[in-house]
Each structure stands twice: as C-alpha cells, then as structure tokens.
Number of protein chains: 4
Amino acid sequence: MKFKQSSLTVGELATGHGLSVPLFHIAGKDSQAPKVFIQANVHGAEVQGNAVIFQLMKRLEQMDVQGDVTILPLANPLGINQKSGEFTLGRFDPITGVNWNREYLDHQIDVASWYQRHCELDDKALIAAYRAELIASCDAHLNQQWGVTTGKRLAVTLQQLAHQADIVIDLHTGPKSCKHMYCPEYDVSSAPLFSIAYTLVIPNEFGGAMDEAAFCPWWQLTEHMNAVGRDFQVPVAAFTLELGSQELIDLEDALTDAHGILAYLSHRGVVADKVEPAQMPRYGCYLKDYKKYHAPTAGLVEYKARLGHILYSGETLANVLRLDRFGTNEELTELVLNQDCVPILHFASASVYQGTELYKVMTNLFELYTS
Amino acid sequence: MKFKQSSLTVGELATGHGLSVPLFHIAGKDSQAPKVFIQANVHGAEVQGNAVIFQLMKRLEQMDVQGDVTILPLANPLGINQKSGEFTLGRFDPITGVNWNREYLDHQIDVASWYQRHCELDDKALIAAYRAELIASCDAHLNQQWGVTTGKRLAVTLQQLAHQADIVIDLHTGPKSCKHMYCPEYDVSSAPLFSIAYTLVIPNEFGGAMDEAAFCPWWQLTEHMNAVGRDFQVPVAAFTLELGSQELIDLEDALTDAHGILAYLSHRGVVADKVEPAQMPRYGCYLKDYKKYHAPTAGLVEYKARLGHILYSGETLANVLRLDRFGTNEELTELVLNQDCVPILHFASASVYQGTELYKVMTNLFELYTS
Amino acid sequence: MKFKQSSLTVGELATGHGLSVPLFHIAGKDSQAPKVFIQANVHGAEVQGNAVIFQLMKRLEQMDVQGDVTILPLANPLGINQKSGEFTLGRFDPITGVNWNREYLDHQIDVASWYQRHCELDDKALIAAYRAELIASCDAHLNQQWGVTTGKRLAVTLQQLAHQADIVIDLHTGPKSCKHMYCPEYDVSSAPLFSIAYTLVIPNEFGGAMDEAAFCPWWQLTEHMNAVGRDFQVPVAAFTLELGSQELIDLEDALTDAHGILAYLSHRGVVADKVEPAQMPRYGCYLKDYKKYHAPTAGLVEYKARLGHILYSGETLANVLRLDRFGTNEELTELVLNQDCVPILHFASASVYQGTELYKVMTNLFELYTS
Amino acid sequence: MKFKQSSLTVGELATGHGLSVPLFHIAGKDSQAPKVFIQANVHGAEVQGNAVIFQLMKRLEQMDVQGDVTILPLANPLGINQKSGEFTLGRFDPITGVNWNREYLDHQIDVASWYQRHCELDDKALIAAYRAELIASCDAHLNQQWGVTTGKRLAVTLQQLAHQADIVIDLHTGPKSCKHMYCPEYDVSSAPLFSIAYTLVIPNEFGGAMDEAAFCPWWQLTEHMNAVGRDFQVPVAAFTLELGSQELIDLEDALTDAHGILAYLSHRGVVADKVEPAQMPRYGCYLKDYKKYHAPTAGLVEYKARLGHILYSGETLANVLRLDRFGTNEELTELVLNQDCVPILHFASASVYQGTELYKVMTNLFELYTS
C-alpha cells in the first residue's frame, strides 16, 4: 500500500505564494482501528522528525495498515524557510515573537452543558458528535469576522486535521537534547510503549501545544462524564516526541525512532504487524520537577553535563568563562546544582546573556514500567 | 532643582558588559505628596517616550516639585540596541520571542489571608506594609534558586522600583499610530486629566504589562477590603501612554506630551505649579471593543484610513495589491469594515502575510468627560 | 493589448517550494523598436516599484506598444517574504549578508579579443552576437560545476532576461528618501527624459548592481570599438530609479512615476503614443560627490533636514538626543555640515549606533538640461 | 609575569553604552624580540578563540616572555552580543550585512613613491617609518570628515593595534569545521610551525581580512624593494587560525591549540621557552583549489563526509531529503563530487535553500614539510 500525497494550504506569503504542507495519507483496512495523525517540524529548526517520518512511511508502506494514517512533514513552511544567519529562526513567528507551538486553540467548551445535550448518545455516537464539535470550533475560529493571525491559521488548520484522529503524535526536537517525550498524566501507562528513556508527565490541562490541544477537550469531557457517573475513558491519545537535537538529519537514528513509533502503533492495532518497543529502563518526571536553570551570569559556556545521564549534586553542570575577568576568581566559574538530576537539554549557543535558559533538567525521577 | 543621575543594572550581555539604565531622581519637598515613577522605551523601537522624558525633566527642573519623581528613559538597553536590518528589533527577546512588556510579575498574593494578618493597621501603615510585601516579592523572584530569564530580570527589576511609587506611567508608542492611552476601569475618571484623545479602558486584571503589574495587586486588595466592609480606595494609579509612532523622535511633539503628563501630575499635587490638560474631545473604548483586523489575504498594502479619525462602515480601510493576480479581479482588493470605528494604529510594513495584524480599531466608542 | 503572464523560477526554499516571480510580457508591433525590461522589489522592503509597475501595465495595455516589454514585479520573493519583527529584512541574503543588488555578474569579457573575432559583422549582427555572448555567459555561470549561491542564482537569472532588452529599468526606493535616479555618465543626456529631480551620475564601470550589469559590457565594447576607429554607440540603456521610501505603497504617486517612465519609453519609441516628461528643474551629482554621513556618536536621532531640498552649510541636519548625558552639554547635539548639500535619504530608524549611515547627501550639484 | 588589563573602545551602542574590548598586555624583556598581536571572536559565534586565549595567557604568565604580547579576546562586542533565536548572529553587521572580517583597511600606499622618499633609511628605521605610516593611515581613516561605518571603526581600530606587531594571529572558527589555517604564499614555510593539519595558501593580495590587512602592505613594500634591487624580507607575519566549530567552548581542546600557537611563538623567539609543534602530517591547498560546493537543490541535509578526512571521488558528501518528493526518485539524493577532496567545513544548519554553501573542500592538496 502506498501513501497518497496531497497538499494542505496553511497561509500565504507577502508575495502571494501559498504556504503549503505536503500531506500523506493511507486509508486503513479497518474503519474501527484507531486513526493516526503525525506531524513534524512545526518549529523550523527541528527537522529530524521529517527523517523519522520518511523512515516511518517507508516501513508503513510494507506493513498491514488497519487504521487511517495521516502524516504531515514540514508542517510549518514559514518557520522552516526563515533563516537568520546560518541557522533556522523557526521557533517563533518572526513578526510577533509568538511560539509556533503555543498557537493551538483552547475550545473552552462547556462540557457540562454539551454533555447534557448529548448524554443519550452511546459512546461511539457521542465521540463522533464531540469530534464534530471540535472540528466545527476550529472552522469557526478560522473564519471569524476579524480574521486570525498567521500563527493561529497554521495551528488551527493543523489542529482541525488532528481532531479527526484518535492518536496524535507531534514530532519535535530540543536545542541540544537527548530524546524525551511529553505524556499526559492520565495516559502515563502508554509512555513505555514508545522507545524513549525519559518522559515528562504533564498535567491534563491546556497549555497551548498540539498534544494538549488534541487530548484536553477529551479529557475534560471524560472527567465530567465520570463525575456524573458514566463510565468512559479518554478516547484520544496525544504525545509530543522530542527526538534529539535541532539542525540535524540522521537517517539511521530516524529508523530507530520510526521503529519506536511503530511499536506504539502496533500495540494500538493501527498496524496488524507485531512490533515491540525497545528494552530499556524508562524514567518519568512531573512537569513541576522539570527545572529550567538560567545562567546566573553572562559569559562563554562550556557545557559539561552529559545529556540523558544522571548528574549528582555538586558535579559540574557547565563552566562559564569570562575573559573580561581574567586574573580574578571570576575568570572561570563552575556551575553546580545542589540536587541530583538528569540534564535533558541545553541551550544551543556557547555564549549567553545573564538569564539565558542554560539547561533543562529532570529532578525527582521515578521509574516507568510497562504495564 | 536638578535631577540626580544614577544607574540601574538590569542584566549582563554575553561579553560581560552590564546592561545599565540611566535613572534620574528628584526628591520632592513633601513626603506626603504622591511619588511618581516614569519609564520609557521598554520596547526598543518606541523611542519617543525618551524625548518626552527629556522635555518633562527640563520642565520639572523649573517647577515646584512636591512628590518624589523617579524617571528611567532607555529602560530596555538590550531591546534598544538590537537591530535587524535598518530597524530596531526591540519588541521581544530575540532569543525567546517573549514580548518585553509581558514579563512583569503577577504576585498572586492571597489578599484575604494577607489582609487578615494586617487588618488592624490604619490605611497608611497598611499601604506601607503591602508595598513592602510587593517589593519583597519582586526581590524573592529575582533571587530564586533556578534563576530567572533575561526578560524577567529586566521587568521585575523595573517593577520593584515602580512599586515604590503611587503613580506609574509607562511610555510606549504604536507601530504607526495616533496617540492613545491605557487606563484601568476603576480609574477611568483620570483619563481626561491627560491630553490624549483616545483611551482604552482595560479590565482591572493582570495581563503581563507594567501598568497592570503596578495597579492590579492594589486593586485586588481594595476589592477585598471593600468586600469585607472597609472603606478603601486603590492608592496606586498606573497608565500606559502610546505616544504616536515608533522609530521617530520629535522634540516639539514631545513637549506637547510632556505638558500633558504635567497636567496629570499637577492635578495630583506632584508639582505645586498649576498645569491644565488640553481642551479636546476624548473618547473611551473597552478592551473587548478594541478590534484587531488581520490581513484576510497576503499582499502589498496601501494604508488608507486616517489614524485617529472616524472611519464609517463601508469606507476603505486599506487596499491590497497583488501583482501576481494582475489582470484578474484580485489584483487590487479594497478592505472595508461593516461597522464604524476609529483606526488607532496600523502595521509598520507595507507587505504582509495572510493573517498579519493590519489595523487595530476602536469600536463602540463613548465620550469621556472631565469629572 | 493585454500582458501575458508567466512565471520565472529563481530558486528553491528549504521546504522545496519553488521561488517564482510573476513575469509579464507584451510583444510589441515593431521588432525594430527597442525592447524593454523592468523589474522591481529586488530589495524586499522596496515595494513601491510594484505599484508603479501596476500603474504602468494598466497604461501600457491602453497604448500603442511598438517594442517588446517584459516586466517582473516582486523580483526577489525570498527577500520580500523575509520579515524580522514588523519590517521586511530584505536588503541582504539573511544567511550570508550579501546585498541582493550586488550579486549580478561581471562577465569580464576580453572585448579586444572578442571584437577581433567579430569585427566583420555589421552593427546589427554584432549586437546580436554580443547579446548572445552575454546570455550564454549567464547560462554558463548558472550551470557551473560547483553550483552558485542563492543570491547569484536570483541575480543572474534576472540578468539573463535583462540582457535580452535594449532598455533596462530597475525600480528601487531608499530607506526614507526623496526620488532620485542612477544614470551612467555616457548616457547622462537621458536623465531629463524621466521626471525625477535628482540624478546620480555614475561611472561606466561595474559595481555589482543590475543597471551596471546591463550597460557595462556594452560600454566596454563600445569604448574598444571607438578606440580602434569604428563608430558605434552604446546600444543598451540602463537606469536605477529610486522612487521614494521603502515600506510604502502609494497608488497615486505610483501613477505619477509610471507616467515618468512612459515619457522615456515614448521618447525611445517603445510606445507610439506621445508622453512628455514633467517640467521641473533637474540636478545631477557625480557619485564621488554623493556623501555618506555617518553618525559621529550613538543616540536617538531627530531627522531635521528636508529630503530633496537644499541644506545650507551650518543648518541643522539632525539632532542627537542622549538621555544618558542629561544635564551635560552632550544631552542634545546638533549635527551640521560645513558645505551646502541636498539631503537625498536618511536612515530608517530613529536610534543609531556610532557609525550608522545617517544621511546621504548630494554635493556639488549641477543643473541637467533636456537636450 | 602577569598580563596587564586595559580596555579598548571600538564604538558606541544606540543607548550610548560604549563598546569596549578587554585588552591584555605583557611587555617582553627584549625590545628586539618580535611583538605579537592576537585577537579572537571578530565573528560573534566563533568563541573558541577566547578559550584558546585563556589557556595561552595562563601559559604565557608562566613563561619567559621576550617580545611584547598584546591580546584581545571578545574583539567584536556588537557581534558577540547579537543573538537571533538561540544562536549568535555575529558574522555580519546586522544593519548592513557587511561581513565583520571584510572591513579592514586597504591602505593603497604608493610603495614606489614612498620608498623613494625613504630609501636611504636602514632596514630597522625603514620598518619603523613604514609602520608609522600604516598607523597614521588608520588614524586618518578613523577621523575622516564624513565619519566611518560601525564596522570600519571596529576593524580599523583593531588594525591600528595590529600594525604595531610583527606577528598577527586572528583566531576564528568555521561553522562546522575541522581545524585549518590561512597562510600567505610568501610565508608558507611557517605553516608547519603551527599544529594544524590543513593550510590554505592564500595569495599575497588584500581581500579584506585582518591577516591580509596586516601583511599585505609589507609584502607590497618588500616586492618593490626587491624589484629595485634591495634585499629585504617581509618583516611581518600574519595568520588566521580556524580552530574548529563555532558555538562551542572546549577548554581541553583550547589547551592543545594554545600549545600550537606557543610552538610558533617559541620558534620566533617571542618566548625563550622551547615549545615544539605537534608531529603530524600537514597539507596545503591553494585558495584557487578551495572549492565551495553549493546545494544544487533545496532540502534537508544529512552531512555525511567526515571533516578533515579524504573523500574519494564518488563517495557520498551528503544526502538531501525531500519529503515533498516522497515516493519519487527525488525523495533522497546522494551528493557526490567527481574528484578527490578533503572536506574542511560544512554549513551549520540541516535545512538549506538551493544555492546554500554546503561544503568547502580542499582539492589538489600537497604535503607541507617543516623546513
């Protein structure tokens, strides 16, 4: 089975050129199997997800695909094509500064009222009705009288597609980063089905990102239904995978990550083929324990802590070199933390202002086990 | 009386150079007179506030100053010095994209609990205690274990100074803009004391800007005290003045605006000299009625609507030129609104993506009268 | 007669989207009439040329067109679509910093040797052969083994088209600027055929810009032919028109400038209709007398000198405001020149580093008369 | 012996803050020993030279220093502090796009005429006189009537200091790069005194960079003197060292490179201590054989060729991934060269426009031997 390619228009450049995203689709054999939506490269410099998609599509074309699969690589053409010097300036809208991954829509549906109007539906019909509601809400937002921003148009157009799926996977990378993933609290047992060692366990609330945009309205509905006594489970799963460092394409590593995604899809029955997640220890960390360490002083930074490895309290995180203080005791400052952690990512540049987010580290990690 | 100059350090550049802001102070004669804090140029391209400060300081040095006056021009050296091409890229942190004017601290003080502990104080002592609380909260934020971002360090350092004042005035400009100001709902009667025709009446809640950072905690405390039956009025006033267009210095116009600020300071007794606000019609608009109009299509824009003048429903707001559609009916599109409004500002560039915020317009205006 | 639209591909973005330029063509009635090439917006923020093209094409479609006319608005899609903050960062390649208008090809043809091989041709055949040589040289450059840069691909692709024309007009604007034009020394008598008050008379040598790329090889050939005793006149005319300020679309003013271009085209017989240049005094200035005045000190700048009007020695060019020097004799510095000049353009931003190019002024102007 | 620190002012920011560079100096014991000037970080992202300077100064303070040593780390504060997104945008002036390392002054001294006026001086006096001429020329340039650009002020201020030295070393890095150095043809025998495997042998002419600015006027004088029959050798040596990749601080590797520089200084008698260059094969390549390979197509790039290792004709240089062409034979393109080479550096980003300079490779290498 081959992917069919079409094109999704997400905006328009000043010259009038349309901003289009290549869209690939395979119709699964089983309309009851979960539908999948995967996108990559919403942040312009985070290109490796495209390589993972490449490997994933190559494998899927050889497999027994049960559920519909929709894939959008290169999802943010404006961000990807925005260079500034030798690097891609693709993390935020160059005009407004708004992070491209904080533009998704919070539908703010009054679930109590909505459920009251739909409580007589069975689960399947209820899911269909709520899905239609979410899609219509995206549509209304895109067509409002006063228009929408460039970033909202992109995000909500993508979100509208994502709402049609049961499984939403958003592929990102860190700046300089080890692999890790975001998983909502209610679905933490799914994290070990991927092949990623570190999982950030995030609250079930909306914070602006695609994964949250996909699962939050469903989690809110589920909470309410459970509260009023109806047994119901969140029918949509959504994850953000951070597949290493930005500005890097590695096809071999992409194959590993494609395999990891396939393991989850296999477990969920999207593909009939059996694919197992990798054997590895896995660790979770609550978002409140995911700490941003800001440069206490400006200077040149030698990043010392190995990403994805435990750094014990008192060990060197980084050195800050200050040539303007040569010959004083501030010429070279060792930065240390006073608690154990696992550094997950660090800043991309080796020179920093005071306050630059130098490292993100996980603290209070706990082991995650396959259920 | 002459201003005394000192210097406020707000950060450090990668090379180690300190980011310092010139700070000017006059000690007023009357310690009971309101204290004033004025800053300008937190957004790097919005330079005209510095010219207003120049004229204002020149006048104040000739006047009978009763209350302490603290003035910080050039408040964001990192933003001001950040060029990109021929323009100042000073609206957001170039690393993170975060708007410099959304970094102020929301203290989130539990006012009920705080008041319970301080309810026996008389008004003056209570104000002093609450002020100390706010300043200490800034201090704690700046010195937290994991550090703070570059933008937070700047903003909270400024905020800490602002909390020492009874009157806080933050000088901004729009991109291409007529003069207007932001005034909180509870203090709308103060708007006509300035000499600005258009006032945005904003909710009393915190949205991240300096004016809100200054008045919100006081409004929250006041609300609570009133609710529990104590007569108390918000003791702090805070305004954002938008003094025309960015990337423009006009000393003569600055003198007009300095006079407008002096009228308010005179009314409040900061200066003993009598200065009257200008005679002019003044209009208010609630924030909910301040509409952002986004480019429905990309293209080259001829801005037609005159800023600060009424635009009737159906009149031309702007023309969008599309050379790539030459010879079709999309070559030149007239943009119109279907309701009356006053265009306040428009985008700075003449070529836009689809979704660019083209105009901000006030709708449902109402006249403001001097009380 | 209507323009026919096609599309010229000038490169490819990272996402794979082609960079295309809309190309408009009218075939003239008389194959002996001069052929015209007009482009606009090679610098991304200099959009007004597109509006002029719009008005020009509208008029030409009503006229009796004798010579082929080829028009490329929006000639640099990468530059036009590159925003940084609220402005277009379109003056140089965002990756390399190279000015988009310095990328044209210097063919460095050995004219002596070339002429020796072609001296037996009559003028018409000789022109055709040399034109073919130039076009082939562009072609070879675009297809060289090691590839060409993004900027060279754009420029040489445009240049290749321009070489097919007898008249080349490149539409630019200044930052904040009055109208002026560049005209090569050998063709200075053509300047008054346009309707532009100020003309920079440039040497006949190559400096990297389109106009020079178009006329230089012909001037070199002509020089050589004249030197060896053959009567020959430079058969190609090329001009750069600077039509006011960047980031501005003004359709009415565009009509005036379209009329000015039509006057030249009419004089040259490209259109059979009679169009006269405007009556106005016109002044020339040699490039060596076109002075760049750099900010002697950093600060905030109030631009005082009126563009396009004489500024006498000792009159105020600009004021530099330095709030950090408030209360000293450096708080406000008046910048003056010690010779008469006509300020032609000034920097776009109101805050400058030391050394920023503040003004360009013409000195030693001389009157130009219609021959 | 300890370095003495002072500060060199190289410009002024819009806020009025001075741009200062820390300047370190040791006065050598022997006024006849060669004087040394070393600078680093003229390109803002190329920080590793500062780490090398740190290690070098630490060693020199322990050594027997004979010749004066002047060292400027962090030489371009404007470039170093200019961030755009997470990276340093420090390769060119953000306003003009001009490469910071192409701003040095070409004195264009008429050496024939100058020599005629000074031919009676003995070598030492002649050198002193010419040196004074160069320094005065810098001074005149910095103080010309119409001012100088920001970049020229920086460069010529540095150059003026460099002219006082006999040995000039400019520390740079590539984007992603192996170590290599630039050495002028006349001084190629000096290259093996450093510990760098690859040497670009550059013509003796001026191209705008610091090394050329330092040696060219001396080489021109020498050429002339030799031509008129006076025995004379170029008395100034100047090199650019490219010490690996940008945006990286590595103190251990910096120690290695500091040792390499000390070997040259030891050989030249700047330090009395004996330091030997590393044993390693060394290769030269003429600038004309240093090829820039431009992306023939846009896309995502997997850089495959190992830097600093031979790549045989037909081996994979890089892969270009095109998701928009998935399922076609253009989905993944292997880039190969048809000649042997050593890839020296590649572009920093993994997504490229058509025409982006992908790799620089040395071809036609030849072995360099220690004389």
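Chains are numbered independently. Their residues run from 1 in the order of the written sequence. Each chain gets a letter, beginning with A, and each ligand a number, beginning with 1, in the order they are written. Only residues with pLDDT of 70 or above have their local features reported here, since the model is predicted, and side-chain atom pairs are shown and tallied only from 80 upward, although totals for entire chains, interfaces and linings are computed over all residues. Excluded from the side-chain calculations are hydrogens and water; all other atoms, namely the structure's heavy atoms, are used.

Chain A is annotated in an unreviewed UniProt entry as M14 family metallopeptidase of Shewanella fidelis. UniProt positions are given in the numbering used here, feature names are shortened, and annotations may be inferred rather than shown by experiment. UniProt lists a comment for chain A under the heading Cofactor (unreviewed entry), and it reads "Zn(2+)".

Student: Help me understand the pattern of salt bridges in this model?
Tutor: Any two side chains of opposite charge can pair, given that their charged atoms come close. What makes a salt bridge here is a side-chain nitrogen of Lys or Arg within 4 Å of a carboxyl oxygen of Asp or Glu, nothing more. By the definition in use, this model includes 63 salt bridges over all chains. In this structure, the salt-bridge partner of D123 of chain A is R230 of chain A, at a minimum N-O distance of 2.6 Å. Highlighted residues: D123 of chain A in helix 4 (residues 123–142) and R230 of chain A in the loop between helix 6 (210–227) and strand 11 (237–245), separated in sequence by 107 residues. When a residue's accessible area, from a 1.4 Å probe over protein chains only, is under 20% of the maximum for its type it is buried; when over 50% it is exposed; and in between it is partly exposed. A residue is classified by how much of its surface remains accessible, and D123 of chain A, at 35% relative accessible area, is partly exposed. Taken together, the salt bridges that share partners define one network made up of E12 of chain A together with R322, D324, R325 and E330 of chain B. Helix and strand labels come from DSSP, where a helix needs a run of H or I of at least four residues and a strand needs a run of E of at least two; each type is numbered from the N terminus.

Student: Hey, could you run me through the relation of the copies chain D and chain C in this one?
Tutor: The operation linking the two copies of the chain is a rotation about an axis combined with a translation along the axis. Copies overlap after least-squares fitting; the atoms used are the C-alpha atoms of residues with pLDDT of at least 70 in both. If you rotate chain D by 180 degrees and push it 0.0 Å along the axis, it lands on chain C with an RMSD of 0.0 Å. Look at the turn and shift together and you get a two-fold axis relating the two. Minimal C-alpha distance to the rotation axis in chain D is attained by G97 of chain D, lying at 2.0 Å. Any two residues having at least one pair of non-hydrogen atoms within 4.5 Å are treated as being in contact. When the interface residues of chain D are mapped onto chain C, 100% of them again fall at the interface, so both copies present the same face.

Student: What's the story with the sheet that holds strand 1 (residues 4–12) of chain B in this structure? I'm lost.
Tutor: Backbone hydrogen bonds are what pair the strands of a sheet, in a parallel or an antiparallel way. Residues and elements named next belong to chain B. Strand pairing requires that DSSP identify at least two bridges connecting the strands. Spatial ordering of the open sheet is given by 1-2-4-3-7-11-9-10-12-20, a layout of 10 strands whose pairing is mixed. Single-partner strands in this sheet number two, and they are strand 1 and strand 20 (366–368). Strand-to-strand, the axes of this sheet are offset by a mean angle of 25 degrees, without reference to chain direction. Sheet topology note: the strand 3 (residues 36–40)/strand 4 (residues 69–72) ladder contains 4 bridges and is parallel. Residue pairing in the sheet places F37 in a bridge with T70 of strand 4. Throughout, an axis means a line fitted to C-alpha atoms (over the contacting stretch in the case of helices), and angles, computed between N-to-C directions, take values from 0 to 180 degrees. Across the sheet, helix 6 (residues 210–227) is in contact with strand 3, strand 7 (167–174), strand 9 (180–184), strand 10 (198–202) and strand 11 (237–245); its angle to strand 11 comes to roughly 165 degrees. Helix 7 (residues 251–267) contacts strand 3, strand 7 and strand 11 of the sheet and is inclined by roughly 165 degrees relative to strand 11.

Student: I keep staring at the interface of chain D and chain C and nothing clicks. Help me out?
Tutor: Many descriptions give the size of an interface as the accessible area lost when the pieces come together. With 43 residues of chain D at the interface, the matching set in chain C holds 43 residues. When two parts are brought into contact, each loses some accessible area as probed by a 1.4 Å sphere; the total of that loss over both is the buried area. For the pairing of chain D and chain C, the buried interface totals around 3400 Å² over both sides, and the portion due to carbon and sulfur atoms is 55%. Scanning the region where chain D abuts chain C turns up 4 salt bridges. R322 of chain D is paired through a salt bridge with E12 of chain C; the nearest N and O atoms lie 3.2 Å apart. Ranked by residue count, the leading element in the side of chain D that touches chain C is strand 13 (residues 290–294) of chain D, at 4 residues. When residues are sorted by character, Ala, Val, Leu, Ile, Met, Phe, Trp, Tyr, Cys and Pro go into the nonpolar class, Asp, Glu, Lys and Arg into the charged class, and all the rest, Gly among them, into the polar class. Of the residues belonging to the side of chain D that touches chain C, the class tally is 15 nonpolar, 20 polar and 8 charged.

Student: Sorry, what's going on with the packing of helix 1 (residues 48–60) of chain B against helix 7 of chain B here?
Tutor: The geometry of a pair of packed helices is captured by two quantities: the angle between their axes and the separation between those axes. Residues and elements named next belong to chain B. Where helix 1 meets helix 7, the axes come as close as 8 Å, and the angle between the chain directions of the two elements is 60 degrees. Taken together, the axes of helix 1 and helix 7 are oblique relative to one another. Once helix 1 is placed against helix 7, the crossing between them reads as right-handed. Across the interface between the two elements, Q48, A51, V52, F54, Q55, L56, R59 and L60 of helix 1 pack against L251, D253, A254, L255, D257, A258, I261 and L262 of helix 7. Class assignment for the residues of the contact of helix 1 with helix 7 results in 11 nonpolar, 2 polar and 3 charged. Oblique is the label for every angle not falling under 35 degrees (roughly parallel), over 145 degrees (roughly antiparallel), or within 65 to 115 degrees (roughly perpendicular). The hand of a helix crossing depends on one turn: near helix anticlockwise from the far one by less than a right angle means left-handed, and clockwise means right-handed.

Student: For this particular structure, what's the right way to read the interface of chain A and chain D?
Tutor: The interface is formed by 49 residues belonging to chain A together with 49 residues belonging to chain D. Interface area, chain A with chain D, both sides summed: about 4300 Å², of which 66% is carbon and sulfur. For the chain A face of the interface with chain D, the top three residues by lost area are E86, F87 and F326 of chain A, together amounting to 18%. Joining chain A to chain D, the criterion identifies 2 salt bridges. One salt bridge connects K58 of chain D with E331 of chain A, and the closest N-O pair in it is separated by 2.8 Å. Elements with a minimum of two residues in the side of chain A that touches chain D: strand 2 (18–26), helix 1 (48–60), strand 5 (83–84), strand 6 (87–88), helix 7 (251–267), strand 14 (299–303) and strand 15 (316–321) of chain A. At 6 residues, the largest contribution of residues to the side of chain A that touches chain D is made by helix 1 of chain A.

Student: In this structure, what is going on with the relation of the copies chain A and chain D? I would like to understand it.
Tutor: For these two chains of identical sequence, chain A goes onto chain D by a turn of 180 degrees and a shift of 0.0 Å along the axis, with RMSD 0.0 Å. The fraction of interface residues of chain A whose copies in chain D are also interface residues reaches 100%, indicating that both copies meet through the same surface.

Student: Where do I start with the pairing of strand 4 (residues 69–72) of chain D in this structure?
Tutor: Within a regular strand, the side chains alternate between the two sheet faces. Residue and element names in this part refer to chain D. Residues V69 and I71 point to one face of strand 4 and T70 and L72 to the other, with burial holding for every one of them. Bridge analysis of strand 2 (residues 18–26) against strand 4 gives 3 bridges, and the strand direction is antiparallel. Of the residues in strand 4, the one forming a bridge with H25 is T70. When the strands point away from the viewer, a crossover counts as right-handed if the path from the first strand over the helix to the second runs clockwise. Following the backbone out of strand 3 (residues 36–40), through helix 1 (residues 48–60) and into the adjacent parallel strand 4, one traces a crossover that is right-handed.

Student: Looking at this structure, I do not really get the packing of aromatic side chains. What am I missing?
Tutor: The relative placement of two aromatic rings is captured by the distance of their centres and the angle of their planes. For this analysis, a ring pair means two rings from Phe, Tyr or Trp (six-membered ring only for Trp) whose centres lie within 6.5 Å, classed as stacked if their planes differ by under 30 degrees, edge-to-face if by over 60, and tilted for the remaining angles. Evaluation of the coordinates by the stated rule reveals 52 aromatic pairs over all chains. Centroid distance F92 of chain A to F92 of chain B: 5.6 Å. Interplanar angle 70 degrees. Geometry classified as edge-to-face. Of the two residues, F92 of chain A is situated in the loop between strand 6 and helix 3 (111–118) and F92 of chain B in the loop between strand 6 (87–88) and helix 3 (111–118); the pairing between them involves two chains. By relative accessible area, which is 3% here, F92 of chain A ends up buried. Between F194 of chain A and Y264 of chain A the ring centres are 4.6 Å apart and the planes differ by 15 degrees, which places this aromatic pair in the stacked class. Pair noted here: F194 of chain A is in the loop between strand 9 (180–184) and strand 10 (198–202) and Y264 of chain A is in helix 7, with a separation of 70 residues, a long-range link. Of the two residues examined, F194 of chain A and Y264 of chain A, each falls in the buried class. An aromatic cluster is built from F24 and F54 of chain A together with F326 of chain D, whose rings are joined through pairwise contacts. Two conditions define a charge located above a ring, namely a distance within 6 Å from the ring centre to NZ of Lys or CZ of Arg, and an angle within 35 degrees of the ring normal. Of note, K58 of chain B hangs over the ring of F326 of chain C, and the distance from its end group to the ring centre comes to 4.4 Å.

Student: What exactly am I supposed to notice about the UniProt feature "domain: Succinylglutamate desuccinylase/Aspartoacylase catalytic" (unreviewed entry) in chain A here?
Tutor: With numbering aligned to this structure, UniProt lists the feature "domain: Succinylglutamate desuccinylase/Aspartoacylase catalytic" (unreviewed entry) at residues 33–267 of chain A. Secondary structure content for residues 33–267 of chain A is 40% helix and 18% strand, and the end C-alpha separation is 11 Å.

Student: Is there a simple way to think about the pairing of strand 1 (residues 4–12) of chain D in this case?
Tutor: Residue and element names in this part refer to chain D. As defined by bridge partners, strand 1 adjoins strand 2 across 8 bridges and the pair is classed as antiparallel. Bridged to E12 within strand 2 is G18. Hairpin connection, strand 1 to strand 2: the antiparallel pair is bridged by 5 residues, and G16 has positive phi, about 100 degrees.

Student: I would appreciate a short explanation of the packing of helix 4 (residues 123–142) of chain B against helix 6 of chain B in the present structure.
Tutor: All names here are of chain B. For the pair helix 4 and helix 6, interaxial distance at closest approach is 11 Å and the crossing angle is 135 degrees. As summarised for this structure, helix 4 and helix 6 are arranged oblique, according to the angle between their axes. Relative to helix 6, helix 4 is oriented so that their crossing is right-handed. Residues L126, I127, Y130, R131 and L134 of helix 4 form the contact with helix 6, whose participating residues are P217, W218, L221 and M225. For the contact of helix 4 with helix 6, the class distribution of residues is 8 nonpolar, no polar and 1 charged.

Student: What am I meant to see in the environment of K179 of chain C here?
Tutor: Residue and element names in this part refer to chain C. Relative to the helices and strands, K179 is located in the loop between strand 8 (176–177) and strand 9 (180–184). When the C-alpha atoms of K179 and S245 are compared, they prove to be 8.3 Å apart, with 66 residues separating the residues in sequence. Among residues more than four places away in sequence, those in contact with K179 are I196, Y198, E242, L243, G244, D253 and D257. Polar contacts involving the side chain of K179 include one to the side chain of D253, which spans 2.8 Å. Any pair of nitrogen or oxygen atoms within 3.5 Å is treated as a polar contact; in protein, a donor-acceptor pairing is required on top of that, and neighbouring residues in sequence qualify only through side-chain atoms on both sides. Reaching out from K179, the side chain makes a polar contact with the side chain of D257 at a distance of 3.1 Å.

Student: Looking at this model, I keep getting lost on the sheet that holds strand 1 of chain D. Mind explaining?
Tutor: Residues and elements named next belong to chain D. Strand order in the open sheet made by the 10 strands is 1-2-4-3-7-11-9-10-12-20, with mixed pairing throughout. Looking at which strands have only one partner, the edges of the open sheet turn out to be strand 1 and strand 20 (366–368). Taking the axes of each pair of neighbouring strands and ignoring which way they run, one obtains an average angle of 25 degrees across the sheet. Bridge count for strand 9 (residues 180–184) against strand 10 (residues 198–202) is 5 bridges, and the pairing is parallel. Paired with C183 across the bridge in strand 10 is V201.

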